[in-house]
Amino acid sequence: AKLLTDHVIVSASGGKDSVVTLDLCATAFKKVDAFFMYIVPDLEFQQRWIRWAEQRYSITFHQLPHWMIGEFLMTGSFRLPDLSMNSIHVNQIYNHVRQLTGAHWIAAGETISDSIYRRAMIKNTGTIDYKRGRIYPVAGFNREQIRNYIKFKQLRVSEESEYLGFSFRALMAHDLKNIKQVYPEDYEKIRAFYPFVDAELKRAEWFDHEEN
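If you're wondering where the values come from, they're calculated on a predicted model, not measured in any experiment.

Caption draft 1: Layout of helix α6 (residues 143–153). Of the residues making up α6, those classed as buried are I146, Y149 and I150. When α6 is viewed along its axis, its buried side chains cluster within an angular range of 95° and face the same direction. Along α6, exposed side chains directed more than 90 degrees from the buried face belong to K151 and F152. Taken together, the buried residues of α6 touch α1 (16–28). Of the residues trailing α6, Q154 is marked for its positive phi of about 55°.

Caption draft 2: Quick look at a nonpolar patch on the surface. Residues L4, I128 and Y130 make up a contiguous nonpolar surface patch of about 300 Å² in total accessible area. One can find Y130 in the loop between β5 (128–129) and β6 (134–135).

Caption draft 3: Main features of the nonpolar core. Counting residues in hydrophobic clusters, the biggest one holds 47 residues, and the most contacted among them are F61, F168 and I190. Among the elements that make up this core, the one with the highest residue count is helix α2 (residues 44–57) (6 residues). If near-sequence neighbours (up to four positions away) are discounted, I190 is found in contact with V40, L43, F168, L171, L176, I179 and V197.

Caption draft 4: Representation of the packing of aromatic side chains. With the rule as written, the count across this model stands at 7 aromatic pairs. Where F35 meets Y94, the ring centres are 6.2 Å apart and the plane angle is 70°; that geometry is what we call edge-to-face. Here the residue F35 occupies a position in strand β2 (residues 31–38), and Y94 occupies one in helix α4 (residues 90–101), the gap between them amounting to 59 residues. Look at Y94 and you get buried, because its relative accessible area is 9%. Centre to centre, the rings of F72 and Y194 are 6.1 Å apart; their planes meet at 80°, and the pair counts as edge-to-face. Taken as a pair, F72 in helix α3 (residues 69–75) and Y194 in the loop between α9 (184–193) and α10 (198–211) lie far apart in primary sequence, 122 residues in all. The pair F72 / Y194 is uniform in exposure class, with both members buried. Taken together through their ring pairs, the aromatic side chains of F72, F193 and Y194 make up a single cluster.

Caption draft 5: Unusual backbone geometry, seen in detail. Positive phi, close to 55°, is recorded for S58, a residue that is not glycine. Relative to the elements of secondary structure, S58 occurs in the loop between α2 and β3 (61–65). In this structure, F78 takes a positive phi of about 60° despite not being glycine. Residue placement: F78 occurs in the loop between α3 and α4. Look at F78 and you get partly exposed, because its relative accessible area is 22%.

Caption draft 6: Structural context of the pairing of strand β1 (residues 7–11). The buried fraction of β1 amounts to 5 of the 5 residues, a majority that puts the element mostly inside the structure. The side-chain alternation of β1 yields two buried faces, one formed by H7, I9 and S11 and the other by V8 and V10. The pairing of β1 with β2 spans 5 bridges and is classified as parallel. Among the inter-strand pairings, V10 is bridged to a residue of β2, identified as A34.

The rules behind these values
Here the residue numbering is sequential within each chain, running from 1 through the sequence in written order. Side-chain atom pairs in this predicted model are given and counted only at pLDDT of 80 or more, local residue features only at pLDDT of at least 70, and totals for whole chains, interfaces and linings cover all residues. Side-chain descriptors were evaluated using all non-hydrogen atoms of the structure, hydrogens and water having been removed beforehand. Summary of the burial criterion: residues with accessible area below 20% of their type's maximum are buried, those above 50% are exposed, and those between are partly exposed, where the area comes from a 1.4 Å probe applied to protein chains only. Helix numbering and strand numbering both begin at the N terminus, where a helix is a DSSP run of H or I of at least 4 residues and a strand a DSSP run of E of at least 2. Read the arc as the range of directions from the helix axis to the C-beta atoms. It only takes one pair of heavy atoms within 4.5 Å for two residues to be counted as in contact. A residue counts toward a patch only above 30% relative accessible area and without a salt bridge, and it is joined to like-charged neighbours within 9 Å or, for Val, Leu, Ile, Met, Phe, Trp and Tyr, to nonpolar neighbours within 5 Å. Where accessible areas are quoted, they stem from the Shrake-Rupley method and a 1.4 Å probe; at the residue level, only the protein chains shown are allowed to cover. The rule for a salt bridge is simple: a side-chain nitrogen of Lys or Arg has to be within 4 Å of a carboxyl oxygen of Asp or Glu. Residues belong to a common nonpolar core when they are buried Ala, Val, Leu, Ile, Met, Phe, Trp, Tyr or Cys residues joined through side-chain atoms within 4.5 Å. Only Phe, Tyr and Trp rings are paired, with Trp represented by its six-membered ring, and only when their centres lie within 6.5 Å; those with planes under 30 degrees apart are stacked, over 60 edge-to-face, the remainder tilted. One bridge is not enough; two strands pair if DSSP finds at least two bridges between them.

The structure is reproduced here in structure tokens:
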């Protein structure tokens with residue numbers, strides 16, 4: 001059978017599914033590139049995992065603004081709106097990464113157990129989506145299998161997933177409160193990027209007070 005490719009790009013967030021995806025790809029492919037999408041650049045609790053992964057797999061991460069940032073800046077999410085900004089589609093990020101790396105295939109950690117939508121999507125395309133240039137190495141894994149793989153291979157999950165229980169992708173009060181408590185210096189970086197973010201914590205405090 002003809003080899004489809006020996007070079008793959010991994011979309012890696014540091015969450016459990018993406019950690020296993022990265023490790024599988026590093027084992028199976030001759031060349032691996034990886035990219036990480038941030039909503040605030042240079043958060044140390046994210047950078048520590050990236051440095052670990054770069055060292056373990058001898059790769060360099062391409063760190064790119066998350067496609068949601070365009071909408072955050074355009075609509076003024078916890079900062080003054082910038083009407084010169086345009087919304088960004090995730091496919092624009094993928095195409096940019098392809099240009100940076102020279103590779104076509106992008107591996108991601110979607111599984112059929114994520115949601116009904118993900119199940120339908122992967123069932124429709126299979127684990128190799130030829131039309132979109134995507135592959136899903138852990139599509140058939142369940143939660144227990146992901147955890148066992150991480151333990152067996154002694155992999156490291158990002159601190160936000162391990163200690164905070166989520167990947168930082170939204171400016172929600174619960175997420176911000178935990179980051180402020182555990183990583184105060186990183187919270188200040190978030191506030192520098194989104195100057196009005198304290199308002200979300202105050203709003204949550206007010207609603208908690210009203211409910212009690």
